[in-house]
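Okay, here's what each chain looks like letter by letter:
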Amino acid sequence: MWAAGRGLGKRLGVQTAYGRRYLSSQVAGKDMLYRASSNTADYDVVVIGGGHAGCEASAAAARAGARTVLVTQKLETIGEMSCNPSFGGIGKGILVREVDAMDGLCGKMADLGGVQFRILNRSKGPAVHGPRAQVDRVIYKRNMQQTLASYPGLSLKSGSVADVLLERTPDKDQESLKRLASQDSLDAQTSATVVGVRLESGEVIRARKVVITTGTFLGGEIHIGLKAFPAGRKGEAASIGLSKSLKDAGFRIGRMKTGTPPRLDGRSIDYSQMPRQLGDMPPTPFSFVHDSVPYADKQIMCYQTRTTPEAHEIIRSNFDQSIHIRETVRGPRYCPSLESKIKRFSDKQSHVVWLEPEGLAEHTDIVYPNGISNTMPEDIQLQFLRTMPGLENVIMTQPGYGVEYDHIDPRELKRNLETKRVSGLYMAGQINGTTGYEEAAAQGILAGANAGLAAAAAAAAATNNGKSEPPQLVLDRSDGYLGVLIDDLITRGVEEPYRVFTARSEYRLSSRADNADLRLTRRASALGLVRDSQRLARLDSVESDMAYAQTLLEQMSMSPNAWEARLGEGTQVCRDGAPRSALDMVRMGFLRDNVWDGARDPENVQVAKPRTRTQPQWAMRPSVSDLVSGWADLPVGIRRRVITEAMYHGYLKQQRMEVSSFKRDENMRLPTDIDYSQIRVLSREEVDKLSLVRPDTFGAAKRIDGITPGGILALLRYVQRQGSSSAAQ
């Protein structure tokens, strides 16, 4: 971290793992600290980085009432989709819905630029449905930039941040600071407060809060074959100075890698023999404020091809030509490079590759080959590409490449994504060890909202000469996938790039894509994070319509014999004489609705070999629409929500009891200043992990890997004894 008081310091070289030296800044006189009065801040919040996390963070901070500036290297790359031209997917699509429910931007931008929409996992239950959209890169970026440029309370600034400015916490002596700022220390207690940033140009921006969302730019290094050079994205400089600044502050820094596939000229591809994939009709928007999307009738087609044994042999024989595939740096397990697939699944003769156009034909001819990210030399890439069906004459417009980048240990974060070491410093996105647009956007909205709320409260307190605890947006695992994401990061840390799956949530039946607004919109609105009055009006309407729809189901009631007669042969209802409503029959699985039917490829296009998959049981029941008067007149979305709640009724009842038990553990607070070394029953590993994570609840302590039931019991007894001692005094 940069400390003012003795000049700007001397310029020194930073050496990477490959022996390259890049200029960064280091300041002489580390005991001197930058000081700024809270009422002289240029902005309330500075957001560093204009990727998906930065866009959501800056907008959320502004909605919270904070004067916000987004600082990024190039204003023209704000909202850039660096890798695949899509949003959503299994688990990820629910995250996008949760961001949208809190008045975030990415869902709306994806709808406006979406050129193919699909609900993944449609053959399974609604709890694991995954909204996904292919998005036109040009339209998405243009709309995002226009939105942010006119966003109330938000300014955009071009510049590269070199250092974060700190002010020492008054009650920390110099020896304590040195210990806390050591990377050898597991004790991540607050040692300083952020007061602004310094740009590479030397300009200082004073601020109450800072949010870092640097993505792969933090110490980024691109690999193509045996070539390596500093960059966070092709053609854009890495952030070397900021990376060193964080290391100097004592943050535990790790290294991760990711990659992107080559880009292809769609005009050089022979699609004639490839299976096609169309979008759903009608498409399902991401945003709860949209009923339709602009390009519903212009949805593009994607195509499927495969790698070949010849392609695998070309890559296998050239493993020594890539520095990126070494195992010392972890890459994404669930989106592996082609080299990793060939190594890990050596018995497979081919892997599926989806050819996804990067936008409408009037904007681009570029095609994204999903599934073959790699870091082979350019000539090797072209060679193996031309062994694949339909790509015999393909033109490669950009080679695939890998990126290595720095990230912090996310166990050094609080639940609001503020760092434990530095008060007022927040982090979101890949800097926390995650991967994916959706994970970044979700962290961005939470970090930005909390930074904005805290900064606005500090500004109000300074004006009124008072002090109050700022409201914060804090979500737990039962609140949704964003809560699961944050909890996993801060309690378990990361050993590889983290991505969201439905399987990560214990409460996925209640954390669905269709009910994110019911779960989160009013909560965000209560904190002042929802500006769109239309969104709240729509939510009121949805709740009213759902209540009416449920009433329709409850009003139709018949005896067991009458139901058996209506539903036909083979139906056996408990003959206890008690009447059953249509809602009861849905809950028991005797009725369904056709709300999931028909939203498939309009031309019934076969994508690949037909699968012999039986329909789920709920899809083969008689339809409610045929039995309940007025039901078919309700909006499909309302019917879908009510039927889903009814289908899962028994399971949701059980899950509510589980959530109640979970909340009890979460409500048992832990002091964050415990000296765990004084609890003699704990093992050395348990002491180290508890000292690093510093859980704030017993529930969080239980979820830390390596903490035994005996350790939890010892911790409970210790806290109880300490509480009794305090009360006695």
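The structure displayed is predicted, hence computed values, not measured ones. (Residues numbered from 1 in each chain as written. Predicted model: local features only at pLDDT ≥ 70, side-chain atom pairs only at ≥ 80, totals over all residues. Heavy atoms only, no water.)

**A word on the state of the cysteines**
Phase 1 of the analysis: Throughout the structure, instances matching the rule amount to zero disulfides.
Phase 2 of the analysis: Not engaged in a disulfide, the cysteine Cys55 finds its nearest cysteine sulfur in Cys106; these two sulfurs lie 9.6 Å apart.
Phase 3 of the analysis: When its relative accessible area of 1% is taken as the criterion, Cys55 is described as buried. (Disulfide = S-S within 2.5 Å. Buried < 20%, exposed > 50% of the residue type's maximum accessible area, 1.4 Å probe, protein only.)

**Concerning the packing of helix α13 (residues 533-555) against helix α16 (residues 636-647)**
Two measures define how a pair of helices packs: the angle their axes make with one another and the distance between the axes.
Phase 1 of the analysis: Where α13 meets α16, the axes come as close as 9 Å, and the angle between the chain directions of the two elements is 65°. Crossing angle aside, the handedness with which α13 passes α16 is right-handed. Residue-level contacts link Val542, Asp545, Met546, Ala549, Gln550 and Leu553 of α13 to Ile638, Arg641 and Val642 of α16.
Phase 2 of the analysis: Of the residues belonging to the contact of α13 with α16, the class tally is six nonpolar, one polar and two charged. (Axes fitted to C-alpha atoms, helices over the stretch in contact; angles between N-to-C directions. Helix = DSSP H or I, 4+ residues; strand = E, 2+ residues; numbered from the N terminus. Left-handed = near helix turned anticlockwise from the far one by under 90°. Contact = heavy atoms within 4.5 Å. Nonpolar A, V, L, I, M, F, W, Y, C, P; charged D, E, K, R; others polar.)

**Section: the packing of aromatic side chains**
Phase 1 of the analysis: For the structure on display, the rule yields four aromatic pairs.
Phase 2 of the analysis: Judged by centre distance (5.3 Å) and plane angle (25°), the rings of Phe87 and Tyr140 are stacked. Of this pair, Phe87 sits in strand β5 (residues 86-88) while Tyr140 sits in helix α4 (residues 137-149), and the two are 53 residues apart along the sequence.
Phase 3 of the analysis: Accessibility expressed as a relative area gives 0% for Phe87, which makes it buried.
Phase 4 of the analysis: What makes Tyr140 buried here is its relative accessible area of 1%.
Phase 5 of the analysis: Measuring from ring centre to ring centre gives 5.4 Å for Phe87 and Tyr437, while their planes differ by 45°; the resulting arrangement is tilted. With a gap of 350 residues between them, Phe87 in strand β5 and Tyr437 in helix α10 (residues 437-464) connect regions that are remote in the sequence.
Phase 6 of the analysis: Site record: aromatic cluster; members linked through ring pairs are Phe87, Tyr140 and Tyr437.
Phase 7 of the analysis: One Lys or Arg, Arg97, reaches over the ring of Phe288 and ends 5.4 Å from the middle of that ring. (Phe/Tyr/Trp six-rings, centres within 6.5 Å; stacked < 30°, edge-to-face > 60°. Lys NZ or Arg CZ within 6 Å of the ring centre and 35° of its normal.)

**A few points about the pattern of salt bridges**
Phase 1 of the analysis: Considering all chains together, one arrives at 53 salt bridges under this definition.
Phase 2 of the analysis: Where Arg519 meets Glu98, a salt bridge forms, and the shortest distance between an N and an O atom there is 2.9 Å. Residue Arg519 is located in helix α12 (residues 516-526), and its partner Glu98 is located in helix α2 (residues 92-101); the two are separated by 421 residues in the primary sequence. You'll find Arg519 and Glu98 in the same group, each marked buried.
Phase 3 of the analysis: Residue Arg703 pairs with Asp487 through a salt bridge whose shortest N-O separation is 2.7 Å. Here the residue Arg703 occupies a position in the loop between α19 (698-702) and α20 (709-728), and Asp487 occupies one in helix α11 (residues 481-492), the gap between them amounting to 216 residues.
Phase 4 of the analysis: According to the relative accessible area criterion, Asp487 is buried, its value standing at 1%.
Phase 5 of the analysis: Within this structure, Arg415, Arg477, Asp487, Asp488, Arg492, Glu506, Glu666, Arg669, Asp696 and Arg703 form a network of salt bridges that share partners. (Salt bridge = Lys/Arg side-chain N within 4 Å of Asp/Glu carboxyl O.)

**Things to note about the pairing of strand β7 (residues 130-135)**
Phase 1 of the analysis: Counting buried positions along β7 gives six out of six residues, so the element sits mostly inside the fold.
Phase 2 of the analysis: Covered by surrounding structure in β7 are Gly130, Arg132 and Gln134 together with Pro131, Ala133 and Val135, the residues of both alternating faces.
Phase 3 of the analysis: The pairing of β5 with β7 spans three bridges and is antiparallel. Counted as the bridge partner of Gly88 is Arg132 from β7.
Phase 4 of the analysis: Where strand β6 (residues 114-120) meets β7, six bridges bridge the pair, whose relative direction is antiparallel. If you follow Arg118 over to β7, its bridge partner there is Arg132. (Pairing = 2+ DSSP bridges.)

**Quick word on the nonpolar core**
For soluble globular proteins, nonpolar side chains are generally found buried alongside one another.
Phase 1 of the analysis: Val46, Phe87, Leu148, Ile212, Met427 and Leu482 are the most contacted members of the largest nonpolar core, which has 106 residues in total.
Phase 2 of the analysis: If you tally residues by element for this core, the top one is α10, at 12 residues.
Phase 3 of the analysis: Listed in part, the 26 residues of the second largest apolar core include Met556, Leu583, Val628 and Leu634. (Core = buried A, V, L, I, M, F, W, Y, C linked by side-chain atoms within 4.5 Å.)

**Brief notes about the sheet that holds β6**
Phase 1 of the analysis: Here three strands make up an open sheet; going across it, the order is β5-β7-β6 and the pairing antiparallel. Only two strands of the sheet have a single neighbouring strand rather than two, namely β5 and β6. The average angle at which neighbouring strand axes cross in this sheet is 15°, direction not considered.
Phase 2 of the analysis: α2 rests against β5 and β7 of the sheet, and its axis sits at about 80° to β5.
Phase 3 of the analysis: Taken strand by strand, helix α3 (residues 106-113) contacts β5, β6 and β7, and its axis lies near 115° from that of β6.

**Details of α16**
Phase 1 of the analysis: For α16, with 12 residues, the first-to-last C-alpha span of 16 Å sits near the 16 Å given by 1.5 Å per residue.
Phase 2 of the analysis: Ile638, Arg639, Arg641, Val642, Ile643, Thr644, Ala646 and Met647 are the residues of α16 that are buried.
Phase 3 of the analysis: Those residues of α16 that are buried lie in contact with α12, α13, α15 (582-587) and α17 (649-666). (Expected span 1.5 Å × (residues − 1).)

**Some remarks on the sheet that holds strand β14 (residues 253-260)**
The strands making up a sheet are joined through hydrogen bonds of the backbone, oriented either antiparallel or parallel.
Phase 1 of the analysis: Strand order in the open sheet formed by four strands is β13-β12-β21-β14, with antiparallel pairing between adjacent strands. Both outer strands of the open sheet, β13 (227-230) and β14, are each paired with one neighbouring strand and no more. Between one strand and the next, the sheet's axes are offset by a mean angle of 25°, whatever the strand orientation.
Phase 2 of the analysis: Note that strand β12 (residues 221-224) and β13 share four bridges and pair antiparallel. Within the sheet, the bridge partner assigned to His223 lies in β13 and is Ala228.

**Remarks on the side chain of Arg198**
Phase 1 of the analysis: Along the polypeptide, Arg198 turns up in strand β10 (residues 192-199).
Phase 2 of the analysis: Within the local environment of Arg198, its side chain forms a polar contact with the side chain of Asp163, the two groups lying 2.4 Å apart. (Polar contact = N/O pair within 3.5 Å; in protein donor to acceptor, adjacent residues only side chain to side chain.)

**Structural notes on α4**
Phase 1 of the analysis: When the terminal C-alpha atoms of α4 are compared, their 18 Å separation across 13 residues agrees well with the 18 Å that a helix rising 1.5 Å per residue should span.
Phase 2 of the analysis: Here α4 starts with a cap whose side-chain oxygen sits 2.9 Å from the backbone nitrogen of Val138, and that cap is Asp136.

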